[in-house]
Amino acid sequence: MNALLYAITVLIWGTTWIAIKLQLGDVPAPVSIAWRFWLAAAVLLAILVVTKKPVWPPRRAWRYLVAQGTALFCCNFLCFYYASAHVPSGLVAVVFSTAPVWNAINGRLFMGRPIRGSVMGGAALGLAGIGLLFLPQMQGHWTDANLLVGLALALLGTLCFSAGNLLSSRMQALGLTPWLTNTWAMFIGAAILTLGALALGMPFRIEPTTQYVGSLLYLAIPGSVIGFTAYLLLVGRMGPDRAAYCTVLFPVVALTVSSVYEDYHWSAAAFGGLALVIAGNLLAFLPVKAKAPAAAVAAPARS
């Protein structure tokens with residue numbers, strides 16, 4: 001099941017960049033993101049009703065839901081949309097691929113979880129691999145005056161993503177499933193985005209084109225309903241640090257698709273980067289060695 005959830009997340013999130021690119025245009029980014037999560041939350045709520053699962057979270061969960069909706073389904077996406085306006089998408093992907101490191105560090109700081117060396121080592125290899133994959137795209141941009149702004153936004157977005165991971169892990173520990181928590185966190189994120197867009201005078205509309213509507217449906221249903229639910233189920237089953245390694249692997253899927261649709265050319269450095277990503281992936285998922293029982297290691301008693 002872990003392998004299936006991991007594959008679903010990587011394949012879906014590795015292709016959502018196409019739909020996001022198709023959405024860029026006349027509709028402001030906060031409005032597009034809000035439409036995405038209004039629709040995704042409505043679909044999730046319908047699934048809960050049809051399957052006769054609980055649809056209302058307990059009172060103790062609402063503080064976590066508000067925090068997750070703000071961090072994961074609002075600020076995270078705003079940061080990355082606006083970071084992409086200042087920084088090449090390859091560099092944004094490199095920053096985002098540090099998510100396993102932040103999940104491990106934040107899990108230690110806020111939840112007392114041990115930091116596994118294999119996860120950190122795998123993340124380091126993956127980050128180096130992503131750097132090689134995107135090195136040609138990043139060259140020539142290091143002296144751009146807007147680069148620091150874009151990097152700061154990308155880092156903030158990654159931290160918001162990490163916070164959302166830990167909040168989901170906490171709520172799953174309370175017995176709440178991502179099907180329920182995603183529903184209400186997405187509603188909250190969409191409401192915040194809507195109120196912010198209206199307060200700033202942004203036109204709250206949908207572009208009536210096949211391209212925009214089709215990309216919106218893809219981002220809302222496969223990208224959000226399926227992708228986020230699969231990923232956060234993985235967070236509950238494997239822990240935030242190991243689950244977040246998806247963020248290192250899905251840019252590789254994006255580049256593979258780009259080689260077909262955008263004429264991306266694989267260089268020797270890119271193949272080396274891919275090898276590092278695969279090696280890091282294998283290292284991150286090494287099984288944890290169980291400690292031997294005390295009785296097995298105790299010295300035998302004298303007869």
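Residues numbered from 1 in each chain as written. Predicted model: local features only at pLDDT ≥ 70, side-chain atom pairs only at ≥ 80, totals over all residues. Heavy atoms only, no water.

- The protein chain is annotated in an unreviewed UniProt entry as EamA family transporter of Pseudoduganella lutea.
- Checking UniProt for the protein chain, the heading Subcellular location (unreviewed entry) contains the comment "Membrane". (UniProt positions renumbered as here; feature names shortened; annotations may be inferred.)

1. Some words on the overall build of the protein chain
Argument step 1. Helix and strand content of the protein chain: 14 helices and 0 strands.
Argument step 2. Seen in sequence order, the protein chain has helices and strands lined up from the N terminus as α-α-α-α-α-α-α-α-α-α-α-α-α-α.
Argument step 3. Long-range contacts, defined here as pairs at least 24 residues apart, represent 89% of the contacts in the protein chain between residues at least 6 apart.
Argument step 4. Put simply, the protein chain shows about 14400 Å² of open surface, and 71% of that area lies on carbon and sulfur atoms. (Helix = DSSP H or I, 4+ residues; strand = E, 2+ residues; numbered from the N terminus. Contact = heavy atoms within 4.5 Å. Areas by Shrake-Rupley, 256 points an atom, 1.4 Å probe, with all protein chains shown as cover.)

2. Digging into unusual backbone geometry
Argument step 1. In this structure, K52 takes a positive phi of about 60° despite not being glycine.
Argument step 2. Following the sequence through the fold, K52 ends up in the loop between α3 (29–50) and α4 (62–83).

3. Some words on the packing of aromatic side chains
Argument step 1. Inspection of the entire model under this criterion finds 14 aromatic pairs.
Argument step 2. Aromatic pair W38 and F187: ring centres 6.0 Å apart, planes at 55°, arrangement tilted. Of this pair, W38 sits in helix α3 while F187 is found in helix α9 (residues 178–199), placing the two residues 149 residues apart along the sequence. (Phe/Tyr/Trp six-rings, centres within 6.5 Å; stacked < 30°, edge-to-face > 60°.)

4. Points about the side chain of N165
Argument step 1. Positionally, N165 belongs in helix α8 (residues 147–173).
Argument step 2. Relative accessible area serves as the criterion here: at 0%, N165 is assigned to the buried category.
Argument step 3. One polar contact links N165 to N103, side chain to side chain, over a distance of 2.8 Å.
Argument step 4. For N165, the residues in contact, after removing those within four places along its chain, are N103, Y231, L232, V235, P240 and A244. (Buried < 20%, exposed > 50% of the residue type's maximum accessible area, 1.4 Å probe, protein only. Polar contact = N/O pair within 3.5 Å; in protein donor to acceptor, adjacent residues only side chain to side chain.)

5. So, the packing of α4 against α9
Argument step 1. Contact geometry of α4 with α9 gives a least axis separation of 7 Å together with a crossing angle of 55°. Regarding the angle of α4 to α9, the classification is oblique. Seen along the crossing, α4 lies across α9 with a hand that is right-handed. For the pair α4 and α9, contact is made by W62, L65, V66, Q68, G69, T70, F73, C74 and L78 and by T181, N182, W184, A185, M186, I188, G189, I192 and L193, respectively.
Argument step 2. Of the residues belonging to the contact of α4 with α9, the class tally is 12 nonpolar, 6 polar and no charged. (Axes fitted to C-alpha atoms, helices over the stretch in contact; angles between N-to-C directions. Parallel < 35°, antiparallel > 145°, perpendicular 65-115°, else oblique. Left-handed = near helix turned anticlockwise from the far one by under 90°. Nonpolar A, V, L, I, M, F, W, Y, C, P; charged D, E, K, R; others polar.)

6. Quick look at a nonpolar patch on the surface
Argument step 1. A contiguous nonpolar surface patch, about 350 Å² in accessible area, is contributed by I206, V213, L217, I221 and I226.
Argument step 2. The topology assignment puts V213 in helix α10 (residues 210–238).
Argument step 3. Judged by relative accessible area, which is 33%, V213 ranks as partly exposed. (Patch = residues over 30% accessible without salt bridge, like charges linked within 9 Å, V, L, I, M, F, W, Y side chains within 5 Å. Salt bridge = Lys/Arg side-chain N within 4 Å of Asp/Glu carboxyl O.)

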